[in-house]
Amino acid sequence: MATWANLGLQDSSSPLMEQLNFFHDHTLLILTMITILVGYIMSMLLFNKFTNRYLLHGQTIEIIWTVLPAIILMFIAFPSLRLLYLMDEINTPSITLKSIGHQWYWSYEYSDFLNLEFDSYMIPTNELETNGFRLLDVDNRIVLPMNNQIRILVTATDVLHSWTVPSLGVKVDATPGRLNQINFLINRPGLFFGQCSEICGANHSFMPIVIESIPMNYFIKWITSMTN
């Protein structure tokens, strides 16, 4: 989860988020190089009293400052397109979870099991335990096994919502009458927090998402206890 004075992205908890972090650093490096180059040229223009008359009208310099930015954009576009296709790729999922957005809470259905569904409400501040996270903890967490492909189906019953967990690199719009899906893999155990990222009404800020990632043997025990 995000911590105080955290200026960067959250630590990745999925292979896809790792790639997104790498792409972020890659793009930031290119932008830094461009900013330094343009800043240097502008400072030279301001403080240099001489003018190169061959730079005022020249076919060569026109070609250079047209082709060079296009090449730089290609170094950003190709990794970006690769990541877009990776994010849309649905591998063979081990578990399917359905998330339904309401005003203003989430409800979940484990589609692979019979009669396993529950609502997930934010815990009010006056009912929060000492070690709880204000505005982030919920009464019913999503429990998922680590190191397994998980497919999530997202929809809504009333208005637009957005199911988002930043550390997993997952952000899916919940649209009434439409079923969106995305695939992810959690590569470590722990608690992962997210929130609705769509302005969906007065209590938009109060419908958090909490995923509890556990090993498969503990997940089987949890499923058995919930379905019995």
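All of these numbers come straight from a predicted model, not from anything done at the bench.

Definitions and cut-offs
- Residues numbered from 1 in each chain as written.
- Predicted model: local features only at pLDDT ≥ 70, side-chain atom pairs only at ≥ 80, totals over all residues.
- Heavy atoms only, no water.
- Helix = DSSP H or I, 4+ residues; strand = E, 2+ residues; numbered from the N terminus.
- Buried < 20%, exposed > 50% of the residue type's maximum accessible area, 1.4 Å probe, protein only.
- Contact = heavy atoms within 4.5 Å.
- Domains from an automatic or database assignment.
- Buried area = accessible area lost by both parts, 1.4 Å probe.
- Salt bridge = Lys/Arg side-chain N within 4 Å of Asp/Glu carboxyl O.
- Expected span 1.5 Å × (residues − 1).
- Arc of directions from axis to C-beta.
- Pairing = 2+ DSSP bridges.
- Axes fitted to C-alpha atoms, helices over the stretch in contact; angles between N-to-C directions.

As for its placement among the helices and strands, Ser12 is situated in the segment before helix H1 (15–47). Look at Ser12 and you get buried, because its relative accessible area is 18%. For Ser12, the residues in contact, after removing those within four places along its chain, are Met17, Glu18, Asn21, Ser167 and Arg188.

Our next topic: the domain arrangement of the protein. When the domains of the protein are assigned, the result is domain 1 (15–88) and domain 2 (95–227). Taking only C-alpha atoms into account, the centre of domain 1 sits 39 Å from that of domain 2. Each side of the interface is counted separately: domain 1 has six residues, and domain 2 has seven residues. Taken together, both faces of the contact between domain 1 and domain 2 bury some 460 Å²; the carbon and sulfur share is 55%.

Turning next to the pattern of salt bridges. This structure, assessed with the given rule, holds two salt bridges. One salt bridge in this structure joins Arg141 and Asp137, with 3.4 Å as the shortest N-O distance. Residue Arg141 is classed as partly exposed on the basis of its relative accessible area of 29%. The closest approach of N and O atoms between Glu212 and Arg141, which form a salt bridge, is 3.9 Å. On the criterion of sequence distance, the pair formed by Glu212 in strand S10 (residues 208–214) and Arg141 in the loop between strand S3 (117–120) and strand S4 (142–145) is long-range, its members being 71 residues apart.

Here the focus is helix H3 (residues 216–227). Between its terminal C-alpha atoms H3 stretches 16 Å, which fits the 16 Å expected from 12 residues at 1.5 Å a residue. Among the residues of H3, those classed as buried are Phe219, Trp222 and Ile223. End-on view of H3: buried residues confined to an arc of 100°, all on one side of the axis. Away from the buried face of H3 by more than 90 degrees, exposed residues Lys221 and Ser225 are located.

Along the chain, Ile152 turns up in strand S5 (residues 149–156). A sequence separation of 43 residues divides Ile152 from Glu109, and the C-alpha atoms of the two residues are 9.9 Å apart. Non-local contacts of Ile152, meaning those with residues more than four positions away in its chain, are made with Leu97, Ser99, Trp163, Asn180, Gln181, Ile182 and Phe184.

On to the sheet that holds S3, then. Overall, mixed pairing links the five strands, which are arranged S3-S2-S1-S5-S8 in an open sheet. Single-partner strands in this sheet number two, and they are S3 and strand S8 (180–185). With strand direction ignored, the average angle separating the axes of adjacent strands in the sheet is 25°. Looking at chain direction, strand S1 (residues 95–102) and strand S2 (residues 105–110) are connected through six bridges and run antiparallel. The partner of Lys98 across the bridge, within S2, is Glu109.

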